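So the chains spell out like this:
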Amino acid sequence: MAKDNVRQLKPRGPDSEKITINLGYVDLGQIDLLVDEGFYSNRTDFIRTAIRNQIERHADVVHKAVTRHSLDLGLRVLDRQELEAAQAAGEQLDLRVLGLLTIAPDVSAALARATIASLTVLGALHASAEVKAALADRIR
């Protein structure tokens with residue numbers, strides 16, 4: 001029996017993006033040695049830790065740059081309703097995101113093109129191939 005206060009949540013998207021890096025054999029061997037010695041559970045754990053340490057080391061610079069560039073920090077979801085409201089108001093959006101920008105699947109290429117003047121994403125952009133193609137000349 002379902003409870004009245006239970007509601008279905010939106011499906012959760014991926015919380016990371018896969019990247020590929022090239023490392024020299026000596027660097028890779030040193031990482032493997034640290035894994036073998038038990039400092040890290042695997043190569044990925046080492047690389048994530050190293051990246052996080054560097055980001056933390058430069059946290060002040062990142063914070064100042066986010067403020068200076070007026071970036072949305074984190075996860076930004078752009079849905080059809082928001083774009084239709086902008087279109088009705090005669091507005092065009094200049095989007096600047098540090099993190100993940102997701103343009104909802106129900107946003108058409110025509111609506112995206114009509115309402116998004118420019119798009120800067122430092123991180124990842126998740127949108128349909130049609131929307132990405134429609135905005136290709138506006139993505140910086």
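As shown above, the structure is provided for reference.
The shown structure was predicted, so the numbers you read here are calculated from the model rather than taken from an experiment. (Residues numbered from 1 in each chain as written. Predicted model: local features only at pLDDT ≥ 70, side-chain atom pairs only at ≥ 80, totals over all residues. Heavy atoms only, no water.)

Colleague: Which residues make up the overall build of the protein chain, and what values go with them?
Modeller: Looking only at helices and strands, the protein chain features six helices and three strands. Along the chain direction, N to C, the helices and strands of the protein chain fall in the order α-α-α-β-α-β-α-β-α. Taking 2.2 N^0.38 as the reference for a compact globule, 140 residues should give roughly 14 Å; the C-alpha atoms of the protein chain span a radius of gyration of 20 Å, well beyond that estimate. Principal-axis analysis of the C-alpha atoms places the extent of the protein chain at approximately 60 × 50 × 30 Å. Looking at the 140 residues of the protein chain, the share that counts as buried comes to 24%. (Helix = DSSP H or I, 4+ residues; strand = E, 2+ residues; numbered from the N terminus. Rg over C-alpha atoms; globule rule 2.2 N^0.38 Å. Buried < 20%, exposed > 50% of the residue type's maximum accessible area, 1.4 Å probe, protein only.)

Colleague: Quick rundown of the sheet that holds strand 3 (residues 116-126)? Include the residues and the values.
Modeller: Here we have three strands laid out as an open sheet, ordered 1-2-3, and parallel in their pairing. Each edge of the sheet is formed by a strand with only one pairing partner; in this case those strands are strand 1 (72-78) and strand 3. Between one strand axis and the next, the sheet turns by 50 degrees as a mean value, whatever way the strands run. Where strand 2 (residues 93-103) and strand 3 come together, ten bridges link them in parallel fashion. Looking at strand 3, one finds that V97 is bridged to V121. (Pairing = 2+ DSSP bridges. Axes fitted to C-alpha atoms, helices over the stretch in contact; angles between N-to-C directions.)

Colleague: Could you give an account of the pairing of strand 2, with specific residues and numbers?
Modeller: The pairing of strand 1 with strand 2 spans seven bridges and is classified as parallel. Opposite L78, over in strand 2, you have I103 as the bridge partner. The parallel pair strand 1 and strand 2 is bridged by helix 4 (residues 80-88), and the resulting crossover is right-handed. The parallel pair strand 2 and strand 3, bridged by helix 5 (residues 109-115), forms a crossover whose chirality is right-handed. (Right-handed = clockwise from strand over helix to strand, strands pointing away.)

Colleague: So what's going on with helix 2 (residues 43-57)? Which residues, and what values?
Modeller: With 15 residues, helix 2 extends 21 Å between its outermost C-alpha atoms, agreeing within 8% with the 21 Å of an ideal straight helix rising 1.5 Å per residue. Capping the start of helix 2 is the job of one residue whose side-chain oxygen sits 3.1 Å from the backbone nitrogen of T44: N42. (Expected span 1.5 Å × (residues − 1). Polar contact = N/O pair within 3.5 Å; in protein donor to acceptor, adjacent residues only side chain to side chain.)

Colleague: Summarise a nonpolar patch on the surface; cite the residues concerned and give the values.
Modeller: Together, I19, I21, L23, I51 and I55 make up an exposed nonpolar region whose accessible area comes to about 460 Å². Exposure remark for L23: the relative accessible area of 36% places this residue in the partly exposed category. (Patch = residues over 30% accessible without salt bridge, like charges linked within 9 Å, V, L, I, M, F, W, Y side chains within 5 Å. Areas by Shrake-Rupley, 256 points an atom, 1.4 Å probe, with all protein chains shown as cover. Salt bridge = Lys/Arg side-chain N within 4 Å of Asp/Glu carboxyl O.)

Colleague: Account for the pattern of salt bridges, with residues named and values stated.
Modeller: Applying the stated criterion across every chain, the model contains seven salt bridges. D137 is the partner of R138 in a salt bridge, and the nearest nitrogen-oxygen pair spans 4.0 Å. Owing to a relative accessible area of 17%, R138 belongs among the buried residues under this scheme.

Colleague: So, the environment of A104: which residues are in play, and what are the values?
Modeller: Its place among the elements puts A104 in the loop between strand 2 and helix 5. Taking the C-alpha atoms as reference, A104 lies 31 Å from E56; in sequence the two are 48 residues apart. Apart from residues no more than four positions distant in its own chain, A104 is found in contact with L78 and D79. (Contact = heavy atoms within 4.5 Å.)

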